[in-house]
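# Observations on the three-dimensional arrangement
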Amino acid sequence: MSGRTDEGPPRAGLAVGRSSERPRLVERWREAADRHLTPTKQSLIVTWGSFGATWGTVRLITHGIRGGWLPWGNVSAGGEHLHHYNFGIATLACVGLVAVRGDDRAVGHPAVAAAYGAGTALITDEFALLLDLQDVYWAEQGRLSVDVSLGVLAALGTYLTAKPFWDEIAKITRRHISSAAKRSLASAG
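Let me begin by describing the structure that accompanies this report. None of these values were measured; they are calculated from a predicted model. Sequence positions are assigned chain by chain, starting from 1 and proceeding in written order. Totals for whole chains, interfaces and linings use all residues, but because this is a predicted model, local features are given only for residues with pLDDT of at least 70 and pairs of side-chain atoms are given and counted only at 80 or more. Note: side-chain values were computed over all heavy atoms of the structure, leaving out hydrogens and water.

The next point concerns the overall build of the protein. Each helix and strand in the protein was counted, giving eight helices and two strands. Each helix corresponds to a stretch of at least 4 residues labelled H or I by DSSP, and each strand to a stretch of at least 2 residues labelled E; elements are numbered beginning at the N terminus. Sequence-ordered secondary structure for the protein, helices as α and strands as β, is α-α-α-β-β-α-α-α-α-α. Three exposure classes are used, based on accessible area relative to the maximum for each residue type with a 1.4 Å probe and protein chains only: buried under 20%, partly exposed in between, and exposed over 50%. Burial status across the protein gives 22% buried among its 189 residues. For the protein, the proportion of contacts with a sequence separation of at least 24, taken over those separated by at least 6, is 59%. Only the protein chains shown count as cover for residues, and all accessible areas are computed by the Shrake-Rupley method using a 1.4 Å probe. Roughly 13,200 Å² of accessible area belongs to the protein as shown, and the carbon and sulfur atoms make up 62% of that amount. Only heavy atoms matter for contacts: two residues are in contact if any of them lie within 4.5 Å across the pair.

Here's what the structure looks like:
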């Protein structure tokens, strides 16, 4: 029995076969991305999402560690606290190695974009520490890291949402300059 009658929609619990034939939500998203986004735009969106998710997660974890409501503490090696920017630098070094190697399959891979976004978030979240070489994460000066991180998120988000506009502005400007140059050459000749 298929669970479907001629009189109406499938009955609850009986349409198991039909649901497995439909694409899953993530597959539909992937199809939409393939239709509407170039590989570069896809990488930028993955980078942006990864940056935001990593930055938010790191902020949550650091507050949890400081507030004592998470069951673990800071990461240390040999008694030295390892700041999360160290992991960000290591991540970006690996992404750089992929880029330098130039393997086309890896360069455009979403995992590379995600790693780039995550590594960048880990570094910008401790921007104030790196700027002053003092651990000011919880001090007033540490607010600079939050501002820089939110600025990066906003700038990349603005670029991504307005990309068609910027492309159109560039096209209009090129046409205008080309047309003006042709008029100038025609009037001079």
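This part covers helix α8 (residues 143-188). Look at α8: only 59 Å from first C-alpha to last across 46 residues, short of the 68 Å you get at 1.5 Å a residue. The largest bend in α8 comes to about 65 degrees, at alanine 162, with the proline proline 164 one to four residues further on. For α8, the complete set of buried residues consists of Ser145, Val146, Ser149, Leu153, Gly157, Leu160, Ala162 and Lys163. Among the structural elements, α3 (39-67), α6 (110-124) and α7 (127-132) are those in contact with the buried residues of α8. A helix is expected to span 1.5 Å for every residue after the first. We define the bend at each residue as the angle formed by axes fitted to the 7 residues ending at it and the 7 residues starting at it.

This paragraph deals with helix α4 (residues 84-101). Look at α4: 26 Å from first C-alpha to last across 18 residues, which is about the 26 Å you get at 1.5 Å a residue. Those residues of α4 that fall on the buried side of the exposure criterion are His84, Tyr85, Gly88 and Val95. One side of α4 holds all its buried residues, which, seen down the axis, span an arc of 95 degrees. With respect to the buried face of α4, the exposed residues turned more than 90 degrees away are Cys94, Leu97, Val100 and Arg101. Tucked inside the fold, the buried residues of α4 contact α3, α6 and α7. Positioned one or two residues after α4, glycine 102 has a phi angle of 75 degrees, which is positive. In this description, one arc is meant: the one made by directions from the helix axis to the C-beta atoms.

Take the packing of α3 against α8 next. For any two helices packed against each other, one specifies the inter-axial angle together with the distance between the axes. As a rule, the C-alpha atoms of each element are fitted with a line to give its axis, helices using only the stretch in contact, and angles between N-to-C directions run from 0 to 180 degrees. It is the contact of α3 with α8, at a shortest axis distance of 11 Å, that shows an interaxial angle of 160 degrees. The pairing of α3 with α8 is recorded here as roughly antiparallel in orientation. Crossing angle aside, the handedness with which α3 passes α8 is left-handed. Packed against α3, whose contacting residues are Lys41, Leu44, Ile45, Thr47, Trp48, Phe51, Gly52, Trp55 and Arg59, the element α8 presents Ser145, Val146, Ser149, Leu150, Val152, Leu153, Leu156, Gly157, Tyr159, Leu160, Lys163 and Asp167 at the interface. Here the residues of the contact of α3 with α8 sort into 12 nonpolar, five polar and four charged. Working definition: roughly parallel below 35 degrees, roughly antiparallel above 145 degrees, roughly perpendicular at 65 to 115 degrees, and oblique for all remaining angles. Take the far helix as the reference: if the near one is turned anticlockwise from it by less than a right angle, the crossing is left-handed, and if turned clockwise, right-handed. Under the scheme applied here, ten amino acids are nonpolar (Ala, Val, Leu, Ile, Met, Phe, Trp, Tyr, Cys and Pro), four are charged (Asp, Glu, Lys and Arg), and all others, including Gly, are polar.

What follows covers the nonpolar core. Counting five residues, the largest nonpolar core consists of Phe51, Trp55, Ala121, Val146 and Leu153. Contributions of two or more residues to this core are made by α3 and α8. Excluding residues within four positions of it along the chain, tryptophan 55 makes contact with Ala121, Asp125, Val146, Ser149, Leu150 and Leu153. In this description, a nonpolar core means a group of buried Ala, Val, Leu, Ile, Met, Phe, Trp, Tyr and Cys residues linked to one another through side-chain atoms lying within 4.5 Å.

Moving on, we come to the pattern of salt bridges. Salt bridge, as used here: a side-chain nitrogen of Lys or Arg that lies within 4 Å of a carboxyl oxygen of Asp or Glu. Tallying each qualifying case throughout the model produces five salt bridges. Residues arginine 105 and aspartate 103 are paired through a salt bridge, measuring 3.8 Å at the closest nitrogen-oxygen approach. Judged by relative accessible area, which is 69%, arginine 105 ranks as exposed. According to the relative accessible area criterion, aspartate 103 is partly exposed, its value standing at 23%. Here aspartate 147 and arginine 143 are joined by a salt bridge, their closest N and O atoms 2.9 Å apart. A residue pair is termed a helical-turn pair when its members lie 3 or 4 positions apart in one helix, as aspartate 147 and arginine 143 do in helix α8 at four residues. Residue classification places aspartate 147 among the partly exposed residues on the basis of a relative accessible area of 38%.

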